[in-house]
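As a plain string of letters, each chain reads:
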Amino acid sequence: MISEPGRPGARYVLFDVDGTLIDAVDNQRLIWRTWAERYGLDPDEVYRVALQTRPMETFAQVAPDRDPRQCLTALHELEDEDVRTGTYTAFEGASKLLNTLPPGAWALVTSNYEHRVRERFARTGLPVPEVLVDAAAVAEGKPSPVPYLQAAARLGARPEDCLVVEDAPSGVQSGLRAGMTVWGVNTPASVDGVHRHFGTLRESVRDILAFASGPSPHRLEESSP
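The rules behind these values
- Residues numbered from 1 in each chain as written.
- Predicted model: local features only at pLDDT ≥ 70, side-chain atom pairs only at ≥ 80, totals over all residues.
- Heavy atoms only, no water.
- Helix = DSSP H or I, 4+ residues; strand = E, 2+ residues; numbered from the N terminus.
- Rg over C-alpha atoms; globule rule 2.2 N^0.38 Å.
- Buried < 20%, exposed > 50% of the residue type's maximum accessible area, 1.4 Å probe, protein only.
- Contact = heavy atoms within 4.5 Å.
- Areas by Shrake-Rupley, 256 points an atom, 1.4 Å probe, with all protein chains shown as cover.
- Lys, Arg positive; Asp, Glu negative; His and termini not counted.
- Charge placed at Lys NZ, Arg CZ, Asp CG, Glu CD.
- Pairing = 2+ DSSP bridges.
- Expected span 1.5 Å × (residues − 1).

### Brief notes about the overall build of the protein
So, step 1. When helices and strands are counted, the protein shows 10 helices and eight strands.
So, step 2. Against the compact-globule benchmark of 17 Å for 225 residues, the protein has a radius of gyration of 18 Å, which places it among compact chains.
So, step 3. A principal-axis box enclosing the C-alpha atoms of the protein has dimensions of 65 × 30 × 30 Å.
So, step 4. Classification of the 225 residues of the protein by burial places 49% in the buried group.
So, step 5. Restricting the contact set of the protein to residue pairs at least 6 apart, pairs at least 24 apart contribute 62%.
So, step 6. Summed over its atoms, the accessible surface of the protein is roughly 10800 Å², and 49% of this surface lies on carbon and sulfur atoms.
So, step 7. Taken as two groups, the 23 positive and 32 negative side-chain charges of the protein have centres that lie 3 Å from each other.

### Regarding the pairing of strand 4 (residues 106–109)
So, step 1. Burial along strand 4 is two-sided: W106 and L108 facing one way and A107 and V109 facing the other are all buried.
So, step 2. In the sheet, strand 1 (residues 12–15) pairs with strand 4 via three bridges, with the strands oriented parallel. Its bridge partner being in strand 4, F15 is matched across the sheet by L108.
So, step 3. In this sheet, strand 5 (residues 131–133) lies alongside strand 4 in parallel orientation, the contact comprising three bridges. Its bridge partner being in strand 5, V109 is matched across the sheet by V133.

### Focus on helix 4 (residues 68–85)
So, step 1. For helix 4, built from 18 residues, the straight-helix expectation of 26 Å at 1.5 Å per residue is met to within 8% by its first-to-last C-alpha distance of 26 Å.
So, step 2. Along helix 4, the residues classified as buried are C71, A74, L75, L78, E79, D82 and V83.
So, step 3. On its buried side, helix 4 packs onto helix 1 (25–38), helix 3 (55–62) and helix 6 (114–124).

See below:
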């Protein structure tokens, strides 16, 4: 049985959203393509940069002569429209995983915004946890450790008792810098730095639940003779 959060020995799972729980790759690619075409830029190059940076950093690299606030407004309009009209699916295993973990034992940590996450989860039938750290909640996004550290703090968890589940290099680095265990999912090859790699989220479900149900490492050390 999974330990209840807040009790000695509890462990916690912190999930990225896009690419980890929700399949939004095609949506994001289309959004950035549309945005790039509006500004007469190479869509493939823009998307390559966008995968590795936050939007404002992307604009600075691909459109340094443009007003970044106008660029962000245009991007947000496209993203909000996509949330309303785009097609989204949850990765296989996501529903079982999130509905098995007890409330208070898991959180979402995303570079997106909360209203979009909630809409996508509503459309795919996934439950929303008590703790959701979005782009507006932190001054520094991934790969900074700040997003994952904030999620742990809000759960009342120690970093060493947390498992981060990610698909992107920036998210993996964020979790590692936060001092957490990091597992990678939904990539054909292992992302540098992950402690374990799973080709799909579905393949990781049993192991994630086992992690959450086990005693935390520091509790094991305390109980050793």
